[in-house]
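# Descriptive analysis of the structure
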Amino acid sequence: MPGNLDSPEPKPSSATRISLSRVMTQLDVNLLGNVHGGVMMKLVDDVAGLVATRHSNGPAVTASMDEMAFLNPVHVGDLLHTHAQVNWTGSTSMEIGVRVEAERWDRAGAEPMHVASAYLVFVAIDAEGKPRPVPPLILQSFEDERRNNEARIRRTHRLARRAAILASREAP
């Protein structure tokens, strides 16, 4: 039944994709003249949050950032593009993958450079801040299947790491 919050309607992966762009300014740089990693992390969290909120039909909060790889520096004037989509869904959580690319402001038509990638886990929440169901993800391509499989591997590692840490706290 549409609108039933206990079993949301599945959504195709293509409906989860969002891109945001922003020019990097002098306010975004560190002492070396490169854009702060934290500035990029905020933009990554912003676009991932939009994807999670849109996919889950309501509020969603960042539960974790598995990893963020910084591949190349970003400079003042670069146009930073963040591209995000849902990679995997569980019952109340979802993994969002984000690719960050930089495009030189003074080189129209040049291929954007891949500068960072990140994987974030979001949990959909209700009005009381409790987890709520998220729509299942409909995989539409081989690329979607690859992303989903890799997300499942990351989830297995997250859960194993958490269990190992908790076990270490109980050891004498």
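Figured I'd write up the structure that's included with this text. Since the model is a prediction, treat every value here as computed from it, not as a measurement.

Procedures and definitions
- Residues numbered from 1 in each chain as written.
- Predicted model: local features only at pLDDT ≥ 70, side-chain atom pairs only at ≥ 80, totals over all residues.
- Heavy atoms only, no water.
- Helix = DSSP H or I, 4+ residues; strand = E, 2+ residues; numbered from the N terminus.
- Buried < 20%, exposed > 50% of the residue type's maximum accessible area, 1.4 Å probe, protein only.
- Areas by Shrake-Rupley, 256 points an atom, 1.4 Å probe, with all protein chains shown as cover.
- Lys, Arg positive; Asp, Glu negative; His and termini not counted.
- Charge placed at Lys NZ, Arg CZ, Asp CG, Glu CD.
- 1 Å grid on protein atoms, 1.4 Å probe; cavity = no way out; pocket = protein on both sides within 12 Å on 5 of 7 lines; lining within 4 Å.
- Points joined across faces, edges and corners; volume = space filled by probe spheres on them.
- Nonpolar A, V, L, I, M, F, W, Y, C, P; charged D, E, K, R; others polar.
- Salt bridge = Lys/Arg side-chain N within 4 Å of Asp/Glu carboxyl O.

Counting its secondary structure elements, the chain contains 2 helices and 7 strands. Along the chain, from the amino end to the carboxyl end, the secondary structure elements read β-β-α-β-β-β-β-β-α. For the chain, the spread of C-alpha atoms along the three principal axes comes to 50 × 50 × 35 Å. Put simply, the chain has 172 residues, and 37% of those count as buried. On the chain, roughly 9,900 Å² of surface is accessible, and the fraction owed to carbon and sulfur atoms is 58%. Within the chain, the 20 negative side-chain charges are centred at a point lying 3 Å from the centre of the 19 positive side-chain charges.

Glycine aside, negative phi is the norm for most residues, and most peptide bonds take the trans geometry. Backbone geometry at N57 places phi at a positive 65°, although glycine is not the residue there. Position of N57 relative to the elements: it lies in the loop between α1 (37–56) and β3 (60–70). For N57, a relative accessible area of 54% puts it in the exposed group.

Another aspect to go through is the layout of surface pockets. Estimates place the volume of the largest pocket at around 280 Å³. Lining the largest pocket, in full, are A63, S64, W88, S93, V121, V123, R155, R158, L159, R161 and R162. Taken together, the elements giving at least two residues each to the lining of the largest pocket come down to β3, β6 (113–124) and α2 (142–170). For the lining of the largest pocket, the element with the highest residue contribution is α2, accounting for 5 residues. Of the residues belonging to the lining of the largest pocket, the class tally is 5 nonpolar, 2 polar and 4 charged.

Within the structure shown, the criterion is met by 12 salt bridges. Across the pair R146 and E143 runs a salt bridge whose closest N-O atoms are separated by 2.4 Å. Taken as a pair, R146 and E143 lie in helix α2 at a separation of 3 residues, close to a single helical turn. Looking at E143, the relative accessible area reads 37%, which means it is partly exposed. Linked through salt bridges whose partners overlap, the residues forming this network are D66, E95, R154 and R158.

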